[in-house]
Amino acid sequence: MSAIILNGKELAAQMETAQAQRVRDLQARGVSPKLVVVMAGDNPASAIYVRNKARACERLGILSDTIHLPQTVSQQELLRVIDGLNADPTVHGILIQLPLPEHLDEDAALLRVNPAKDVDGFHLYNAGRLLRGEDGIRPCTPQGIVRLLKSAGIALDGARAVVIGRSNIVGKPAALMLTQENCTVTLCHSHTRDLAQITRQADILVAAVGKPRFVTADMVKPGAAVIDVGINRVEDASAKRGYRIVGDVAYDEVAPKCRAITPVPGGVGPMTIAMLMANTVKACRQQTGA
Ligand code: NAD
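Here's a quick rundown of the structure. All of these numbers come straight from a predicted model, not from anything done at the bench. All residue numbers refer to positions counted from 1 along the written sequence of the respective chain. In keeping with the model being predicted, local features are shown solely for residues with a pLDDT of at least 70 and side-chain atom pairs are shown and tallied solely at 80 or more, while totals for entire chains, interfaces and linings include all residues. To obtain the side-chain values, all non-hydrogen atoms of the structure were used and water was disregarded.

### A word on the sheet that holds strand β4 (residues 93-96)
And then number 1: Pairing between strands is defined by DSSP: at least two bridges between them are needed. Each helix is a run of H or I in the DSSP string that is no shorter than four residues. Each strand is a run of E no shorter than two, and both are numbered from the N terminus. Pairing in this open sheet of three strands is parallel, and the strands run β3-β2-β4 from one edge to the other. In this open sheet, the two edge strands, each paired with only one partner strand, are β3 (63-69) and β4. When strand polarity is set aside, the average angle formed by the axes of neighbouring strands in this sheet is 15°.
And then number 2: Bridging between strand β2 (residues 34-40) and β4 involves four bridges; their strand directions are parallel. Across the sheet, L35 pairs through a bridge with G93, a residue of β4.
And then number 3: Whether two residues are in contact is decided by their heavy atoms, any of which lying within 4.5 Å being enough. Whenever a helix is involved, its axis is fitted only over the stretch in contact; in every case the axis is a line through C-alpha atoms, and angles between N-to-C directions fall within 0 to 180 degrees. Across the sheet, helix α2 (residues 44-60) touches β2, β3 and β4, and the angle it forms with β2 is around 170°.

### What about the site of the ligand?
And then number 1: Around the ligand, a shell composed of 21 residues is seen, among which R166, S167, H189, I231 and T272 lie nearest.
And then number 2: Backbone polar atom of V229 to a nitrogen atom of the ligand: 3.3 Å apart, as the coordinates give it.
And then number 3: Separating an oxygen atom of the ligand from a side-chain N or O atom of T272 is a distance of 2.8 Å.
And then number 4: When the ligand sits alone it has 860 Å² of accessible area, and the protein chains cover 73% of it.
And then number 5: The leading source of residues in the shell around the ligand is helix α10 (residues 268-288), at three residues.
And then number 6: For this classification, the nonpolar set comprises Ala, Val, Leu, Ile, Met, Phe, Trp, Tyr, Cys and Pro, the charged set comprises Asp, Glu, Lys and Arg, and every other residue, Gly included, is treated as polar. Looking at the shell around the ligand, its residues break down into nine nonpolar, ten polar and two charged. Near residues are defined by distance, with any heavy atom within 4 Å of the molecule or strand qualifying the residue. In protein, a polar contact means a hydrogen-donor-capable atom and an acceptor-capable atom, both N or O and within 3.5 Å, with residues adjacent in sequence counting only if both atoms are side-chain atoms; elsewhere, any N or O pair within 3.5 Å suffices. Each accessible area is a Shrake-Rupley result for a 1.4 Å probe, and residues are judged covered by the shown protein chains and nothing else.

### Quick word on unusual backbone geometry
And then number 1: At the junction of L98 and P99, the peptide bond is cis and its omega measures out at 0° in the coordinates.
And then number 2: Tracing the chain through its elements places P99 in the loop between β4 and α4 (106-112).
And then number 3: Residues V264 and P265 are joined by a peptide bond in cis, for which omega reads -5°.
And then number 4: If you check the backbone angles, N182 has positive phi at about 75° while not being a glycine.
And then number 5: Note on placement: N182 falls in the loop between α7 (171-180) and β6 (184-188).
And then number 6: With phi around 55°, R213 is a residue other than glycine that occupies positive phi space.
And then number 7: Assignment of secondary structure puts R213 in the loop between β7 (204-207) and β8 (225-228).
And then number 8: Classification of R213 as partly exposed rests on a relative accessible area of 44%. Exposure categories follow from relative accessible area, calculated using a 1.4 Å probe and restricted to protein chains: below 20% of the type maximum is buried, above 50% is exposed, and the middle band is partly exposed.

### With respect to the packing of aromatic side chains
And then number 1: Note on ring pairs: Phe, Tyr and Trp rings are taken, using the six-membered ring of Trp, and paired if centres are within 6.5 Å. Classes follow the plane angle, with under 30 degrees stacked, over 60 edge-to-face and the rest tilted. Applying the stated criterion to the full structure yields zero aromatic pairs.
And then number 2: Think of it as a cone above the ring: NZ of Lys or CZ of Arg counts as a charge over the ring if it is within 6 Å of the ring centre and within 35 degrees of the ring normal. Here the guanidinium or amino end of R233 rests over the ring plane of Y243, the centre of that ring lying 4.0 Å away.

Printed below as a string of structure tokens:
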């Protein structure tokens with residue numbers, strides 16, 4: 001069987017073209033969508049993610065700003081910055097880059113963001129709306145997963161979906177969004193017994209674990225669609241930087257078995273950024289009525 005490669009890079013580029021047109025339409029009505037990223041400290045991975053988000057904004061014509069707070073910033077100061085952005089009508093999207101330094105209360109920071117500007121969809125209000133199946137701002141990575149599956153014509157209605165990983169940013173919202181699409185969903189995690197027996201029943205298998213080669217061929221049903229969310233660095237002396245990025249799925253042995261599969265890199269990652277851009281444009285339209 002030769003698997004369809006779910007090319008997130010290509011789909012994200014198509015989405016960007018459509019979003020860029022929406023941005024131009026807004027600008028023609030005198031509205032400039034703006035995203036502000038708040039980061040604290042010097043986490044090198046966060047710095048790369050923030051740069052990628054700023055570049056995407058630039059490509060689409062979305063205004064963007066990064067507020068880079070020192071590692072030692074107090075909770076009070078962080079909340080004051082968020083309050084300022086909430087009150088600024090020229091800012092439509094606010095993103096708190098995680099993780100924050102350990103002394104800071106992440107949940108309190110996320111809760112402080114005006115839910116209308118919460119373009120990551122991490123605020124309890126938006127999480128609650130997702131749980132209830134009501135319209136709201138959805139987390140970017142799970143949105144990207146559903147979009148990739150739909151773009152390849154994978155039937156979701158009535159499909160058996162298994163999600164491995166129960167984080168608030170990927171696993172849980174992915175399970176809820178697939179439920180919303182009428183999949184029958186099983187959410188697995190580190191305490192799940194007989195994981196392989198469960199994953200082998202999946203028409204759609206989502207891996208969001210953070211462990212290289214975690215999903216092996218024996219865990220996958222022939223003909224399944226496999227979505228690999230993992231971003232893991234593995235040492236590789238032959239690579240330019242001494243490491244390469246791999247997902248959670250043993251791609252070489254799983255791909256020949258399945259109907260569709262996401263590569264890493266180039267699968268879910270670019271879709272996450274494309275969805276962030278879409279959320280920012282949507283938030284801007286809703287706030288301005290434009
Ligand atoms: P996390 O560490 O918060 O959650 C990992 C989950 O895996 C946990 O719920 C845990 O229960 C589960 N798990 C761990 N060991 C397990 C086991 N042996 N069996 C079953 N389940 C097990 O991670 P996260 O934030 O959800 O991210 C997961 C991965 O996705 C990471 O590699 C992360 O870098 C990546 N990620 C990618 C994107 C993207 O845009 N592609 C976005 C977010 C996260």
